[in-house]
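So the chains spell out like this:
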Amino acid sequence: MSDRIDDLLDQALVTGVIPEEATAEERAELEGLLAAMRGVKETGLAIRAEAQETMPSARARFERFTAAQQQARHLQRPASGGRGRWFSRFPGGRGLSFAGVAAAAAAIVVGALILPGSFGGVESASAQVLTEGSYVQVEGVVTNRTTADGQVSLVVQSDLGEIAVDLADGTSVLDDQGAIRPGDVQSGRQVVVSGVVGKAHRVQAQTVTLGQEAPPPPVPPRVEQLKDLPQRLEGEVRTISLSPDGKRARIHIVTAAGGHFWAVVEAPGVQALLERSANALGTMVRLVHPPGTPPGVFIVEPVVPEADGPSAPVAPTPTPETTRPPAGPSPSLTPSGAGSGGETARPGLVTVRGIVLSRDGALVTVETDRRVVTVRVTQRTVILVGPDGVTLDARSGDRAIGHAVSVTGLLNEQTQQLLADVIVLGPKPVTGD
Amino acid sequence: LARRAVARDRLAWGEIFEAHYQAVYGFVRYRLRGADEAEDIAAQTFEVAYSRADRFDYRGVPIEAWLIGIARNLVRDYVKKAVRRGPTEELVDTITPPTPDESPHVDLREDITAAMKALTEDQQTVLSLRFLLDRSVEDTAKLMERSEDAVKNLQRRALAAMQRALAEMHYEHGGAG
């Protein structure tokens, strides 16, 4: 009997009419079933509209995820035996493990004049580097995970001390098997966190990348504030922090001799690091203090290794012009196959520099030297304002039109839209008379 | 496309997302509290699929069936974890129908969604596939790994259960009846 009513229902669903052979009793049953079906279909229309509305943000999240996955694979290579407890990040001969680099850097450290700041302790270094509203990248080991009211939070033991990290639904959490739920993060794993600092120095994570299991540092290192140095100081980036006004950045490095320093640096140098790679941690950099730079403020620049030797070249002391983000790709910073004319091509990651032409909701058009690029701004896009006269309210309104802009993000090859990760707004270009 | 997806070709995954997001969203929406949760689970579905791309057998299962399977497991995990957390308001909203609205202006959508939550997982699945995603009996059978006869039987029982659930919420007949 049930087979018959199943078939009658199926016919009615296909034709829209209850079959004539149905008895009165069957007809009554079928009418009820069809009415229920119509209810489901009506609701389906609303759900389709809802799906359409949520699609852009879900798409943006997925694009961010796939890019982070590529980044995670790079990060999750096994650590080399001779290096520190964190991730191995120096492929291609850029490692601190090379004796030449170590010796050179150690000599520089010895020669540097380090003045312990009034906030020289570990805890205060964390507070100084992780300032509210800043975009940060920081690494460490997960030592605790808590869940309260659905909110997953981590305690990450970093070189700067313990850092509280809050994970939201939109946070991408990745391990060597791919995406995992925030609540599945286990203590004892190495971790790289990127996000924005909130109240009480808590990091609101955008991406959390888990590495191997590792013990936390038994004794957190003393992190000194760098206030002056006669020459250059080189080391590996462990933490970066970009202030929301885009004027200043803070950077924490560890030298080959094991010294930990944090310093206030000009933002463009850190922005340039981000433009080189979505993950700036692990990059070998040097800090310099050229004439004209304010006291206690430094300029950070990447150390570019020689192609066939371990020693990092010592570049000339930069002029103020070279401390700005380069107008075009520098051959020493750009991977092979990079574009030109204000666009730096990288696998999965693109940096565009140009002028803001227009803005329509979340879409911003940017004119580069070569073409017009559509940039999609999402809720998770980090927007920084440059140091030269751009006010914060320019970030959200049409006042950004005509300003110089640098956008780093992911290119959606299908829509040809650039999904913005970090946007740096600069001044309006000065036109010739 | 499936071969490129296995190789984690990002362009291919962009196409897959465009083609299947709405179906995945629609599939999970009935079982979750609201749009935010549905978007989260739908997005996670693609993230998990991308992460496990190398395990996908493109010669056997259609991509949509694979995605639906992942989505079903994610929803299942979501509800289980919500149960373990205890009877929070969110959980109550997720797995139980709300108190019937006594007002004359009943929100049909909410009642249908609530009635859906009174069904078994298989019943929800078959109604979602057949009447929300407009899949044929044949396609539904493939997606659910059942025979076509089994799907016909399941859809009837699901509609009957829906009708009863709606009747319990003071409807004389199911749906708009």
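Trainee: Where do I start with the overall build of chain B in this structure?
Mentor: Counting its regular elements, chain B contains 9 helices and 0 strands. The N-to-C order of helical and strand elements in chain B reads α-α-α-α-α-α-α-α-α. In chain B, which comprises 177 residues, the share counted as buried stands at 54%. If you take every contact in chain B between residues at least 6 apart in sequence, the share linking residues at least 24 apart comes to 62%. Looking at chain B as shown, the accessible area adds up to about 8,100 Å², and 47% of this sits on carbon and sulfur atoms.

Trainee: What is the right way to look at the interface of chain B and chain A in this model?
Mentor: Many analyses report the size of an interface as the accessible area lost when the parts associate. The partner chain A presents 50 residues to the 51 residues of chain B that form the contact. Between chain B and chain A lies a buried interface of about 4,700 Å² when both sides are counted; carbon and sulfur atoms form 56% of it. Considering only the surface of chain B that becomes buried against chain A, Arg10, Glu47 and Arg156 of chain B emerge as the three largest contributors, covering 15% of it. Inspection of the region where chain B meets chain A yields 10 salt bridges. Here Glu50 of chain A ties to Arg29 of chain B by a salt bridge, and the two come within 2.4 Å at their closest N and O atoms. The interface formed by chain B and chain A includes 14 residue pairs in polar contact (both at pLDDT 80 or more). Looking at the side of chain B that touches chain A, the elements with two or more residues in it are helix 2 (10-29), helix 3 (35-51), helix 4 (63-85), helix 6 (108-116), helix 7 (121-132) and helix 9 (148-168) of chain B. With 12 residues, the single largest contributor to the side of chain B that touches chain A is helix 2 of chain B. A breakdown of the residues in the side of chain B that touches chain A according to their chemical character gives 23 nonpolar, 12 polar and 16 charged.

Trainee: Even after reading the chapter, I still don't get unusual backbone geometry, so can you show me in this structure?
Mentor: All names here are of chain B. One non-glycine residue, Asp134, lies in positive phi territory at about 55 degrees. Tracing the sequence through the fold places Asp134 in the loop between helix 7 and helix 8 (137-144). You can call Asp134 partly exposed: its relative accessible area is 43%. Its identity is not glycine, yet Glu145 carries a phi of approximately 55 degrees, on the positive side. Note on placement: Glu145 falls in the loop between helix 8 and helix 9.

Trainee: Mind showing me how you'd approach the side chain of Thr54 of chain A here?
Mentor: Relative to the assigned elements, Thr54 of chain A resides in helix 2 (residues 24-75). Its relative accessible area of 7% is what places Thr54 of chain A among the buried residues. Among all residues touching Thr54 of chain A, those that are not within four sequence positions of it are Tyr21, Tyr25 and Glu39 of chain B.

Trainee: Looking at this structure, how should I read the environment of Ala161 of chain B?
Mentor: Residue and element names in this part refer to chain B. Within the secondary structure, Ala161 sits in helix 9. A residue is classified by how much of its surface remains accessible, and Ala161, at 11% relative accessible area, is buried. Beyond its immediate sequence surroundings of up to four residues, Ala161 is in contact with Leu119 and Gln123.

Trainee: Before we go on, may I ask you to explain the nonpolar core in this structure?
Mentor: Note that soluble globular proteins tend to have their nonpolar side chains buried in a common cluster. Judged by nonpolar contacts, the single largest core of 80 residues is most densely connected at Trp13, Leu127 and Met162 of chain B. By residue number, the principal contributor to this core is helix 2 of chain A, which donates 13 residues. Excluding its chain neighbours within four sequence positions, the residues that come into contact with Met162 of chain B are Ala36 and Val40 of chain A together with Ile112, Ala115, Met116, Leu119 and Leu127 of chain B.

Definitions and limits used
Residues numbered from 1 in each chain as written. Chains lettered and ligands numbered in written order. Predicted model: local features only at pLDDT ≥ 70, side-chain atom pairs only at ≥ 80, totals over all residues. Heavy atoms only, no water. Helix = DSSP H or I, 4+ residues; strand = E, 2+ residues; numbered from the N terminus. Buried < 20%, exposed > 50% of the residue type's maximum accessible area, 1.4 Å probe, protein only. Contact = heavy atoms within 4.5 Å. Areas by Shrake-Rupley, 256 points an atom, 1.4 Å probe, with all protein chains shown as cover. Buried area = accessible area lost by both parts, 1.4 Å probe. Salt bridge = Lys/Arg side-chain N within 4 Å of Asp/Glu carboxyl O. Polar contact = N/O pair within 3.5 Å; in protein donor to acceptor, adjacent residues only side chain to side chain. Nonpolar A, V, L, I, M, F, W, Y, C, P; charged D, E, K, R; others polar. Core = buried A, V, L, I, M, F, W, Y, C linked by side-chain atoms within 4.5 Å.

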